[in-house]
Structure formats: C-alpha cells, structure tokens
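# A structural walkthrough
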Amino acid sequence: MSTTAPAKPRGRQFFANPGPTNIPDSVLMATAHQTVDFNDPNFTAIYWECFEGLKRILKTKQSIFLYTGSGHAAWEASLVNLLSPGDVILVLESGHFSQSWARMATDLGIEVRTVPAEWRRGVDLSALTAELAADKAGAIKAVGVVHNETSTGMMIPVQEVRAAIDAAKHPALLLADTISSLGSLDFRMDEWGVDCAVGGSQKGLMLPTGLSFTGVSAKALEAHKTAKLPRHYFNWTAMQNRPLKSFLGTVPISFFYGMKEALRLIEQEEGLENVFKRHSRLAEAVRQAVRHWSGNNGPQLFCQTPSRLSDSVTAVLMPEGHNANALRKVAMERFNVSLGGGLGPLDGKVFRIGHLGDLNEPMILGTLSVIELSMKVAGIPHAPGGVDAAIAYLAAA
Ligand code: PLP
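Residues numbered from 1 in each chain as written. Predicted model: local features only at pLDDT ≥ 70, side-chain atom pairs only at ≥ 80, totals over all residues. Heavy atoms only, no water.

## A few points about unusual backbone geometry
Residues other than glycine predominantly adopt negative phi, and peptide bonds predominantly adopt the trans conformation. Put simply, Gly19 and Pro20 share a cis peptide bond, and its omega is 0°. Relative to the elements of secondary structure, Pro20 occurs in the loop between β1 (14–16) and α1 (25–31). If you check the backbone angles, Lys59 has positive phi at about 55° while not being a glycine. The topology assignment puts Lys59 in the loop between α2 (41–58) and β2 (63–68). A positive phi angle, near 60°, is found at Asn336, a position not held by glycine. On the secondary structure map, Asn336 appears in the loop between α11 (324–335) and β13 (337–341). (Helix = DSSP H or I, 4+ residues; strand = E, 2+ residues; numbered from the N terminus.)

As structure tokens, then:
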C-alpha cells in the first residue's frame, strides 16, 4: 500500500473555510514562543493584557473565564456552571450549531425546549416572547442563541432576542454563542444584556484552535452559586480562586503571545469598527457573486432573510441534482482551495465560504474565481461572471 499523499497543487492553500481561519504571519511568529513559567511576572503582564483585551472585544466590563479547549469547552462551561439537572433551556433553532449545543444540554441532563425555525428564514422572535410569557411557573432558566449560525450563514440579532425576553418580563438568563461572530461582527455583551457569551480563538480572533472563553454577567455569577450540574475543570468558583482567575491546569502560554499580537492587529492597527466594516464589505462582494451565479438555475444564497445575512460566512445552496462535495473536491484537489461543507442535513446540499479573520480583497476574489472555475470544471449550472459582479461591487465600495 502506498503511503504517498497525492501531489498537491503548488502555491499556498487558500483557506476559505469558516473556521478555523487564516492566522496572520505576525500572530504565528508571536505564538512560536519559548516556554516560560506562567507565574513569571513577564508572562502574567501579557496574560492580563489579553484578559482585558478579550473583555473589550466582548464589550463587557464583567467577568470572563478561559479554557484550554475548542468552542465546545466553552459551550459546556456555560451550561454546567449555570444550570441544575432538570432545568429547562429554551434554544432558538438556527441550524447545526444550535442543534449541537442543544444536544450537549440534553446529554448533561438539562431539559431542552426549542423555538423552531425554518433554517433558510430564521427564527421568529415573537414566538420566543410567546413561549416565555406562557412559562408562568418560571421553569425556563436560560435562553440559548447562536449569534452567527455558521452552518447556514445567518446572523440572529441578539439585541432583538434580549428585547423579546424583556417583552415577556421573563428572568431567564441569555446565553449567546459568539464563536463565529466575535471579532468579525458587532457584538455587545453588556449593552445587549447577555449573561453568558461563548467565544473561541480560531475564527475572528485569528488564533489557532484550542482556547475558548465565556463572558459572564453579574446575574449569571449569582445563578452559578446555586447551579448544581456536576463540573470540575470548568468550575467558575474554582477558577476565581486561581491566581489567573481561570485554568485549573497548565496555562496554554503560547496562545497569549499570539493573542497579544492579534489584539494589537484588531484594536490598534485596524480598529475593531474597521474590522467589522471590512467583513461587511468582503461579505457583500461574496453575495454579489453568488446572486449573479444563481442565474441559469445556478447555486443561490441559502439564507433568505436579507437583514440576517452573515458577514462572516456565506452558505451557498447547490442547484437540485448537484452535490456540493463534488464541487469542493474539485476546488481542493485541483486548485488547493478549501471550502466549508454542508453540516448535518445540509451535507452535500450546501457549501460554505468563510470570509472572516485575516482576509482581504485578493483572497476573496481568488476564492470566488476558483469557485467559478470549479463550477465550470464540474459542470454545475451557473451564470458566468459572478467574479466580475464582486469586482464591480468592490471597485465602487
Ligand atoms: N458554535 C459555532 C457557531 C461554531 O461555528 C462552532 C464551530 O465551528 C462551534 C460552536 C463549535 O466550536 P468548536 O468547533 O471550536 O468546538
């Protein structure tokens, strides 16, 4: 049996997946740091800089806790620290990631209720208000929402979720997954009354995968005191007693050298609001291309609610009878471009273009060109000229 990998096309791989994302060279360099003692004041100074920087990105002045682990770790931390066996969480259905978080809650012994949604149109928030208003006994302890549903390319407005909870005058905690929005789309933990914001390192923060965190409100810290789900590594009370207010075990020091540089790029070199504007501009360029391709019975935007189109990921629905994975295979094997696949029931039906993190116009245009080229090679119907539509938009933007 041959162990030789198939020959790769030359040149750098274009990574157009919605996470993990491209890591800027200066972040990579900074991450490659020699091991130091994590109690050394030279390290702790960097650690606290990052700690405060993360709070600024979350737009919170309240608490945060950090975990060595991908986004799933912070998901689990949010649930086990805030809920007790049999408590009810009301999850707003948005797609694969809302379903996965809900499944995790079920596995942990939490009762899950769902505000259902048609994935292409998104949840109706008046149904959330109605569900909460009907909960006279106060069984619902938390509402969970995925701010940016990475599987469908839909952004759910968290401030409107807050307003829907307030309209029902319900005391439930608001838990928001910001894994594919933070550092790419506007998110305001304190202003929007989010009690627990779940984030990860590998998307808008442009870091490697493996660090996650939760922003935690004062109200959530109070609820934590009486929450009874078993927990150990994720226990916020134990973390509060640690010198670094997180991490029961070894601190992943190299992340913090990288994070210091990533925060410098985001906050000082570009500015957070400009980061959002860049994401919005590049996202619209992608959408212009997809809308154009949709002629001739070509692929189309999966998300059908214009006000909720995500600025960090676009899901593209294939024409009937054509498999998204065949297109992805051509893009990857012939042209070294990695596109995201459809998740759960969207496998084969959808491909996803990640446009978040360390990304500029040439990278987006390169990706769009290869998608158009791959559609031609794979014989997928489309209206040629989507890349020109993106160029026209970017030239005028
Ligand atoms: N939530 C969202 C919205 C995501 O996009 C992802 C991963 O892509 C996750 C949760 C799970 O995070 P991880 O894969 O880092 O564990």
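Right, picking up where we left off after that structure.
## Topic: the packing of helix α5 (residues 125–133) against helix α6 (residues 158–167)
Between α5 and α6, whose axes approach to 8 Å, the crossing angle comes to 30°. Compared by their axis directions, α5 and α6 come out roughly parallel. Note that α5 runs across α6; the crossing there is right-handed. Together, Leu125, Leu128, Thr129 and Leu132 of α5 and Glu160, Val161, Ala164, Ile165 and Ala167 of α6 make up the contact between the two elements. Of the residues belonging to the contact of α5 with α6, the class tally is seven nonpolar, one polar and one charged. (Axes fitted to C-alpha atoms, helices over the stretch in contact; angles between N-to-C directions. Parallel < 35°, antiparallel > 145°, perpendicular 65-115°, else oblique. Left-handed = near helix turned anticlockwise from the far one by under 90°. Contact = heavy atoms within 4.5 Å. Nonpolar A, V, L, I, M, F, W, Y, C, P; charged D, E, K, R; others polar.)

## Quick notes on the sheet that holds strand β14 (residues 350–354)
What links the strands of a sheet is backbone hydrogen bonding, and the strands pair in either a parallel or an antiparallel sense. In space, the five strands of this open sheet follow the order β1-β13-β14-β12-β11, with mixed pairing throughout. Each edge of the open sheet carries a strand with a single partner, namely β1 and β11 (300–301). Here strand β12 (residues 313–317) pairs with β14 via five bridges, running antiparallel. By the bridge assignment, Leu317 is partnered in β14 with Val350. Sheet strands in contact with helix α12 (residues 361–378) are β1, β13 and β14, and its direction is about 85° off that of β1. (Pairing = 2+ DSSP bridges.)

## Section: α5
Looking only at α5, the buried set comprises Leu125, Leu128, Thr129 and Leu132. Buried residues in α5, looked at end-on, bunch into an arc of 95°, giving them a common side. On the buried face of α5, the contacting elements are β3 (88–92), β4 (111–115), β5 (140–146) and α6. (Buried < 20%, exposed > 50% of the residue type's maximum accessible area, 1.4 Å probe, protein only. Arc of directions from axis to C-beta.)

## Brief notes about the site of the ligand
Every residue lining the ligand is accounted for by Ser70, Gly71, His72, Trp75, Phe97, Val146, Asn148, Thr150, Asp177, Ile179, Gln202 and Lys203. Between the ligand and Gly71 there is a distance of 2.8 Å, counted from an oxygen atom to a backbone nitrogen or oxygen. Compared with its free state, where it exposes 390 Å², the ligand has 88% of that area covered by protein. Residue contributions to the shell around the ligand peak at three residues, all from helix α3 (residues 71–82). Per-class residue counts for the shell around the ligand are four nonpolar, six polar and two charged. (Near = heavy atom within 4 Å. Polar contact = N/O pair within 3.5 Å; in protein donor to acceptor, adjacent residues only side chain to side chain. Areas by Shrake-Rupley, 256 points an atom, 1.4 Å probe, with all protein chains shown as cover.)

## Looking at the packing of helix α10 (residues 272–293) against helix α13 (residues 386–396)
Interhelical geometry of α10 versus α13 gives an angle of 145° and a closest axis separation of 7 Å. Read as a crossing pair, α10 and α13 show a hand that is right-handed. Every residue of α13 that contacts α10 at Arg281, Leu282, Glu284, Ala285, Gln288, Ala289, His292 and Trp293 is listed here: Gly386, Val387, Ala389, Ala390, Tyr393 and Leu394. Within the contact of α10 with α13, the residues separate by chemical class into nine nonpolar, three polar and two charged.

## Quick notes on empty space enclosed by the protein
Here the structure, examined in full by the defined rule, presents one cavity of 30 Å³ or more. Estimates place the volume of the largest cavity at around 30 Å³. Residue lining of the largest cavity: Gly153, Leu301, Phe302, Cys303, Leu309, Ser310, Val313, Thr314 and Ala315, and that is the complete set. Per-element tally for the lining of the largest cavity: the top contributor is β12, with three residues. Of the residues contributing to the lining of the largest cavity, the split by class is six nonpolar, three polar and no charged. (1 Å grid on protein atoms, 1.4 Å probe; cavity = no way out; pocket = protein on both sides within 12 Å on 5 of 7 lines; lining within 4 Å. Points joined across faces, edges and corners; volume = space filled by probe spheres on them.)

## Examining the nonpolar core
With 88 residues, the main nonpolar core has Leu66, Leu128, Val143, Val161 and Phe256 as its most contacted residues. A domain-level breakdown of this core finds at least three residues from each of domain 1 (25–267) and domain 2 (272–396). Leaving out residues up to four positions away in the same chain, Leu128 has contacts with Leu90, Leu92, Val115, Val143, Val161, Ala164 and Ile165. Formed by 32 residues, the second largest nonpolar core is a distinct cluster that contains Phe65, Ala77, Ile110 and Leu221. (Core = buried A, V, L, I, M, F, W, Y, C linked by side-chain atoms within 4.5 Å. Domains from an automatic or database assignment.)

## Remarks on the environment of Asp135
Tracing the sequence through the fold places Asp135 in the loop between α5 and β5. For the pair formed by Asp135 and His170, sequence separation is 35 residues and the distance between their alpha carbons is 8.4 Å. If sequence neighbours within four positions are ignored, Asp135 has contacts with Arg113, Ile140 and His170. A distance of 2.9 Å separates a polar side-chain atom of Asp135 from the backbone nitrogen of Ala139.

## Details of the sheet that holds strand β10 (residues 211–216)
One open sheet holds the seven strands; their spatial order is β2-β10-β9-β8-β5-β3-β4, and the pairing between them is mixed. Each having just a single partner strand, β2 and β4 make up the two edges of the open sheet. Looking at each pair of strands side by side, their axes are set apart by 20° on average, direction ignored. Bridging between strand β8 (residues 173–177) and strand β9 (residues 196–200) involves three bridges; their strand directions are parallel. When the sheet's bridge partners are listed, Leu175 is paired in β9 with Cys196. Along the sheet face, helix α4 (residues 96–107) touches β3, β4, β5, β8 and β9 and points at about 150° away from the line of β5.

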